[in-house]
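# Secondary and tertiary structure notes
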Amino acid sequence: MRLEGKVAIITGGASGIGYATVRKFVQEGARVVVADINLAAAQAVADEFTTSASAPVSAVQVDVSDFAAVEAAVAHAVAVFGKLDVIFNNAGIAGGKPLLDHDPAVDYAPMIRIDQDGVYYGILAAGRQFRDQGTGGVIISTSSIYGEQAAELSFTYSAAKAAVISFTRSAAYELAQFGVRAVAITPGRVGTPIINQFSDELKATFAAEQLRNKMTEPEEIANVVAFLASDEANVINGTVVSVDDGYSV
Ligand code: NAI
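Described in the following lines is the structure provided in the data block. None of these values were measured; they are calculated from a predicted model. (Residues numbered from 1 in each chain as written. Predicted model: local features only at pLDDT ≥ 70, side-chain atom pairs only at ≥ 80, totals over all residues.)

### A word on the nonpolar core
As a rule of thumb, soluble globular proteins bury nonpolar side chains together. Ranked by size, the top nonpolar core spans 66 residues in total, and within it Ala8, Ile9 and Val34 carry the most contacts. It is helix 5 (residues 109-133) that contributes the most residues to this core, 7 residues altogether. (Core = buried A, V, L, I, M, F, W, Y, C linked by C-beta atoms within 7 Å. Buried ≥ 20, exposed ≤ 12 C-beta atoms within 10 Å, placed from the backbone. Helix = DSSP H or I, 4+ residues; strand = E, 2+ residues; numbered from the N terminus.)

Pasting the structure below:
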């Protein structure tokens, strides 16, 4: 129970990596706010963990591109569970077009608002809460292998995911005085709805890009996130933890 007594917000917790992380956090003793734009799916996750004896998961609807909504999610965690110890800024969207086919209003701004601004808002809102509580805290944010390299159809996505890495370093630097750690993770190819929408042929290509020729399971990422959120990871700060099964060697 390495997260016993901790309270966490997981954005994008209704699906994929976020959902697997909710499961893992609850197993490790945490209480979790699932903050997702899809309220019905988030509520279904909360219901899944609710028994007559306990309700360790609470759902809240959040569009992470709306700062007021992210602040409200932090306030929700404090109202329901009394405090906040961890935020996992994980909500995101993927996809893209060749650069020269871009319509900036469609292919740039909306993705930046979610994948980049959404993480900034999470860091800012949670950081203020950690400062005010005086208890420290942990900020984990989902970047991507594409945050560190160029790839097809990823001009905007790569920019946003690179910003997540920069935010993490700067947040660690600025918030250390309040006992806060910040870590980014860079998944490679993870079998979630974001990826499962593609053809079997493309998925096989994705798997072959990882050294052991297998797609990563969301649970494998969740295991690492739980470790990073725990006190056992106390010296991992302001850095990127690669979780790509050798994609980037
Ligand atoms: P997913 O599509 O299974 O889950 C994303 C969740 O985010 C969904 O529940 C969705 O409703 C929520 N969401 C989307 N927009 C939102 C918004 N504006 N506000 C709040 N919630 C919102 O995707 P997956 O794969 O679990 O992705 C999670 C994170 O991992 C994303 O940031 C993605 O970019 C990143 N990632 C995923 C990889 C993969 O291979 N699946 C690889 C590298 C990074």
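What follows continues from the structure just given.
### Re the packing of helix 1 (residues 16-27) against helix 9 (residues 218-229)
As a packed pair, helix 1 and helix 9 sit with axes 8 Å apart at the nearest point and diverge in direction by 55°. By the angle between their axes, helix 1 is oblique relative to helix 9. Where helix 1 crosses over helix 9, the handedness of that crossing is right-handed. Mapping the contact onto sequence places Gly16, Ile17, Ala20, Thr21, Arg23, Lys24 and Phe25 in helix 1 and Pro218, Glu219, Ile221, Ala222, Asn223, Val225 and Ala226 in helix 9. In the contact of helix 1 with helix 9, the residues fall into 8 nonpolar, 3 polar and 3 charged. (Axes fitted to C-alpha atoms, helices over the stretch in contact; angles between N-to-C directions. Parallel < 35°, antiparallel > 145°, perpendicular 65-115°, else oblique. Left-handed = near helix turned anticlockwise from the far one by under 90°. Contact = placed C-beta atoms within 7 Å. Nonpolar A, V, L, I, M, F, W, Y, C, P; charged D, E, K, R; others polar.)

### Considerations on the site of the ligand
Around the ligand, 29 residues are found, and the nearest of them are Gly12, Ser15, Gly16, Gly92 and Thr192. The set of elements that each furnish at least two residues to the shell around the ligand consists of helix 1 and helix 7 (193-196). (Near = placed C-beta within 6 Å.)

### As for the packing of helix 3 (residues 67-81) against helix 5
One can describe the packing of helix 3 onto helix 5 by two numbers: an axis separation of 9 Å at closest approach and a directional angle of 40°. When the axes of helix 3 and helix 5 are compared, the crossing they make is right-handed. Each of Phe67, Val70, Glu71, Val74 and Val78 in helix 3 lies in contact with helix 5, whose residues at this interface are Tyr121, Gly122, Ala125, Ala126 and Gln129. A per-class count over the contact of helix 3 with helix 5 returns 7 nonpolar, 2 polar and 1 charged.

In short, geometric facts, not functional conclusions.
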